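These are the residues of each chain, in order.
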Amino acid sequence: MIQRVYMFRRFERFWHWSQAGLIIFLLLTGFEIHGAYANFGFKKAVDYHVIAAWSLVGLWIFAIFWHLATGEWRHYIPTRKNVMVMAKFYSSGIFKHEPHPFRPSLVNKHNPLQRLTYLAILTMLSPLIWFTGWLYLFYADWAAWGLSKLQLEWVAVGHTVGAFLMLAFLISHLYLITTGHKVTSQVKAMITGWEELD
Amino acid sequence: MKPVFARVALGMCCAAWLAVAVAVPADEAKSAPKPLKLNTTADHTKFKELQNPFKSGPEVTKACLACHTEAAGQIHRTKHWKWEYLNPDTKQMLGKKTIVNNFCISIASNYASCTSCHVGYGWKDANFDFKSEENVDCLACHDTTGNYKKPPGLAGNVVTKDMEFPPGSGKILKAIDLSQIAQKVGKSSRDTCGACHFFGGGGDGVKHGDLDSSMSAPDKELDVHMDATGLDFTCATCHKTSSHDVAGSRYTPMAKDTKGAHMSGRADNGNPASCVACHGNGPHKKEPRLNQHTAKVACQTCHIPAFARGGVATKMTWDWSTAGQTDAQGQQITRKDAKGRITYESRKGDFTLAENVKPEYAWFNGHIEYTLLSDKIEKTDQRTPINKLGGSPTDGKSLIWPMKVFRGSQPYDPINKTLITPHTAGNDDTGFWKNLAWDKAIPVGMKDSGAPYSGKFEFIKTEMSWPITHMVAPKEKALGCTECHTKAGRLAGIEGVYLPGRDANKLVDTAGWGIALLTLLGMIGHGVLRVIRRKR
């Protein structure tokens, strides 16, 4: 019997998709600034990258407030329980038509691997990107802030490392959303808010 | 009676008017000079002292000094007069009197020719009296007529009677009217400064690359500040002169002005001829990101996209080692390129010339050390620097500057290991330009310099850097981002700065793309396996 659960509320979906769009756009403009390819032209790429970055900052302010106000932040509390079960499912069970070992619910939206991944992004990858990005933006003020010893190269390399990790996450994320009940059920859930469960 | 009287009176008036009208010759009425735009309280045409026919430059100067009693003394303290400058940082004695370059090499033994650009009269040899007040040349800088000329070869003197020069050449130098020039003196102009500074190195645009006769009345494209129909700056607008002391120096230039826009009455009383002196350190209001560049990049780097943009070519190389070739009759020859520019002269050697030249770029902190005649130099594969420019990405005093780098080959004494100052100009038997004989020209020149000469010479490759600062283009023509923010851009050779778009950490890039690719392959593999297994 298929059950339908209203898993993702309107703000949550808005946050997810606008964040997804901004991150993809930031990757595109960022790698152009990095010299990996040419599309907008360097100047426009820089301008757009900065606009998108500040937009994402704004979005995050709302999202953090929303998570705190609604208690949704609890979905990112890590657990060691069932991590191995999940790993085993992805590495073998999924090929043998075994049932998904995790059943999401309103109080527990993410499987243990998701929790770990999202938490790592939240606490490690994002701070790396934000921190280096802000330093990059305020390059002219380093001397005034007493940071004249800081090298732009370190900041730039840190920012680039963050970008590559985000790219890798994006690729795996785009694939893993196909591993739900049906290939399209997870993406549908994030669009409509309704998730179909066995 | 009354009407008759009135008629007579009217007739007399008419006659008087006619008489006045006739008395003024028609030509003079037509060519009557435009009224001088007075921005001083004195109209020099009214001074009786200036209405005499002057027979020489010093006579004019004496008249000037009768009122401007301290002017000569002020001039005596300047580089323009002394051609001598003690660099306070390096303690090197510099100035035109001492330095050796890789253009015409040196003024020693060539005074009469070179000193046509001295602000004085009569510097014909090493015995010139630098204390003389009447030998100060006021008109070189204060002429407003454009008629004031100091032909090379006359030791800075002017021609007041038509004369044949050089004697026996059949060339006539025309006399100039010093009285007329003296009555119209005014502030210095692009033309007065340019009379020497546009022609440095022996011809129009030869030396600087960013100063040539096109700057006499430039359009906005060529120089946004000097634009003759726009802002119409003179040289002295930036090189703000006080007590005849002209701001700005090529020996101790200010590479990085951190003091912001200059305010009248500011305590430090500084007077830099820098961009920042007017524009401040953060002049990009609409594009604040550009202000971030000012920590590393000189204004000139972006705002002077190329030099020699006014249609006058500048010399880029000069090879003295090929000088001396003659035709079958033993006559001096010249060769020209397709554009009619001289690329070979028997008396000077081979040149290359160029217009619209993209500068080279270097970190520069304002310290310049010259290679002087007294310095021992080893001949190596590297070019010997005529001037060594200080600068590094880490000294906190340097910015990335545009440069004209002038490369040449010039005489060198392999025994004493010094540069050589040959006697070039002069209508005498030992002058190289006349007789093309190095063995005669070098001993005379070296003797005049007071330097030892071993009797042997060869040629040494040299280079000289000229920071570019004039010919500032309108902002629309400033460099775009990708002139530098790209793999092989203008700053490709500049080290010590991370340039987004140019630089990347190879390891991070390789690892990063590797991780992204492996993730992709992993996901594809996983997906394919799922599809295959599901079908079973």
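For clarity, every value in this text was computed on a predicted model and none was experimentally measured.

A word on the overall build of chain A. The helix and strand inventory of chain A stands at six helices and two strands. Listed N to C, the secondary structure of chain A is β-α-α-α-α-α-α-β in terms of helices and strands. Looking at chain A as a whole, 18% of its 198 residues qualify as buried. Look at the contacts in chain A between residues 6 or more apart in sequence, and 65% of them connect residues 24 or more apart.

For chain B, the count of helices and strands is 16 helices and 17 strands. Along the first, second and third principal axes, the C-alpha atoms of chain B reach 140 × 80 × 55 Å. Burial status across chain B gives 35% buried among its 536 residues. Here the analysis covers contacts within chain B between residues at least 6 apart in sequence; of these, 66% occur between residues at least 24 apart.

The subject of this paragraph is the interface of chain A and chain B. Contact with chain A, which involves 22 residues of that partner, is made by 26 residues of chain B. Those elements giving two or more residues to the side of chain A that touches chain B turn out to be α2 (42–70) and α5 (152–176) of chain A. When residues in the side of chain A that touches chain B are grouped by element, the largest group, 12 residues, is from α5 of chain A. Counted by class, the side of chain A that touches chain B contains 15 nonpolar, four polar and three charged residues.

All names here are of chain B. With 92% of its residues at a pLDDT of 70 or more, chain B shows a mean pLDDT of 91. Predicted confidence for residues 18–29 stays below pLDDT 50, and this span has one contact to residues more than four positions away or in other chains. As a predicted assembly, this complex carries a pTM of 0.88 together with an ipTM value of 0.93.

With that settled, the discussion passes to the nonpolar core. Residue and element names in this part refer to chain B. The biggest cluster of nonpolar side chains holds 60 residues, and the ones touching the most others in it are Ala298, Phe364, Leu399, Ile400, Trp401, Tyr412 and Ile420. Those residues in contact with Ile400, other than ones at most four positions away along the chain, are Lys296, Val297, Ala298, Thr301, Tyr361, Trp363, Leu491 and Ile494. The next biggest cluster of nonpolar side chains, apart from the first, holds 20 residues, and it includes Ile75, Val119, Cys138 and Ala182.

So, about the packing of helix α1 (residues 10–33) of chain A against α5 of chain A. Residues and elements named next belong to chain A. Where α1 meets α5, the axes come as close as 11 Å, and the angle between the chain directions of the two elements is 135°. In terms of orientation, α1 lies oblique with respect to α5. Crossing angle aside, the handedness with which α1 passes α5 is left-handed. For the pair α1 and α5, contact is made by Ile23, Leu27 and Gly30 and by Ala163, Met166, Leu167 and Leu170, respectively. Each residue belonging to the contact of α1 with α5 can be placed in one class, and the counts come to six nonpolar, one polar and no charged.

As a further point, take the packing of α1 of chain A against α2 of chain A. When two helices pack together, their arrangement is given by the angle between the helix axes and by the axis-to-axis distance. All names here are of chain A. Packing of α1 against α2 brings their axes to within 9 Å, and their N-to-C directions diverge by 155°. One finds that α1 runs roughly antiparallel with respect to α2. When the axes of α1 and α2 are compared, the crossing they make is left-handed. Across from Phe11, Trp15, Ser18, Gln19, Leu22, Phe25, Leu26, Thr29, Gly30, Glu32 and Ile33 in α1, the residues of α2 making contact are Phe42, Ala45, Val46, Tyr48, His49, Ala52, Ala53, Ser55, Leu56, Leu59, Ala63 and Trp66. When its residues are assigned to classes, the contact of α1 with α2 shows 16 nonpolar, six polar and one charged.

The next subject is the confidence of the model for chain A. Considering every residue of chain A, the mean pLDDT works out to 93; 99% of them sit at 70 or more. Of all the helices and strands in chain A, strand β2 (residues 194–197) of chain A carries the lowest mean pLDDT, 85, while α1 of chain A carries the highest, 97.

Residue and element names in this part refer to chain B. Bridge count for strand β7 (residues 314–319) against strand β10 (residues 349–354) is five bridges, and the pairing is antiparallel. Paired with Thr314 across the strands is Ala354, a residue of β10. Sheet topology places strand β9 (residues 342–345) next to β10; two bridges connect them, and they run antiparallel. When the bridges of β10 are listed, Tyr344 appears paired with Asp350.

Relative to the helices and strands, Thr314 of chain B is located in strand β7. Filtering out sequence-adjacent residues up to four positions away, Thr314 of chain B remains in contact with Gly205, Val206, Gly209, Asp212, Phe307, Ala308, Leu353, Ala354 and Val357 of chain B.

Residues and elements named next belong to chain A. Taking 1.5 Å per residue as the helical rise, helix α4 (residues 112–137) with its 26 residues ought to reach 38 Å, and the 36 Å between its terminal C-alpha atoms agrees with that figure. If you check which residues of α4 are buried, you get Pro112, Ile129, Thr132, Gly133 and Leu135. Against α2, α3 (83–91) and α5 lie the buried residues of α4.

Take the environment of Gly186 of chain B next. All names here are of chain B. Of note, Gly186 is situated in the loop between α8 (178–183) and α9 (190–197). Gly186 sits in the partly exposed class, given 16 other C-beta atoms within 10 Å. Spatially, the C-alpha atom of Gly186 lies 40 Å from that of Gly408, the residues being 222 residues apart in sequence. For Gly186, the residues in contact, after removing those within four places along its chain, are His142 and Thr144.

All names here are of chain B. Each neighbour pair has its own omega, and for Phe165 with Pro166 the value is -10°, a cis peptide bond. Phi at Ala155 is positive, roughly 60°, even though this residue is not glycine. Phi angles above zero are rare outside glycine, and Lys417 is one such case at about 55°. Considering the arrangement of structural elements, one finds Lys417 in the loop between β15 (399–413) and β16 (418–419).

Next up on the list: the environment of Lys43 of chain A. If you trace the backbone, Lys43 of chain A turns up in helix α2. Spatially, the C-alpha atoms of Lys43 of chain A and Trp142 of chain A are 22 Å apart, while their sequence positions differ by 99 residues. Once you skip the residues sitting within four places of it in the chain, Lys43 of chain A turns out to touch Gly480 and Cys481 of chain B.

Parameters and conventions
Residues numbered from 1 in each chain as written. Chains lettered and ligands numbered in written order. Predicted model: local features only at pLDDT ≥ 70, side-chain atom pairs only at ≥ 80, totals over all residues. Helix = DSSP H or I, 4+ residues; strand = E, 2+ residues; numbered from the N terminus. Buried ≥ 20, exposed ≤ 12 C-beta atoms within 10 Å, placed from the backbone. Contact = placed C-beta atoms within 7 Å. Nonpolar A, V, L, I, M, F, W, Y, C, P; charged D, E, K, R; others polar. pLDDT = per-residue confidence, 0-100. Core = buried A, V, L, I, M, F, W, Y, C linked by C-beta atoms within 7 Å. Axes fitted to C-alpha atoms, helices over the stretch in contact; angles between N-to-C directions. Parallel < 35°, antiparallel > 145°, perpendicular 65-115°, else oblique. Left-handed = near helix turned anticlockwise from the far one by under 90°. Pairing = 2+ DSSP bridges. Expected span 1.5 Å × (residues − 1).

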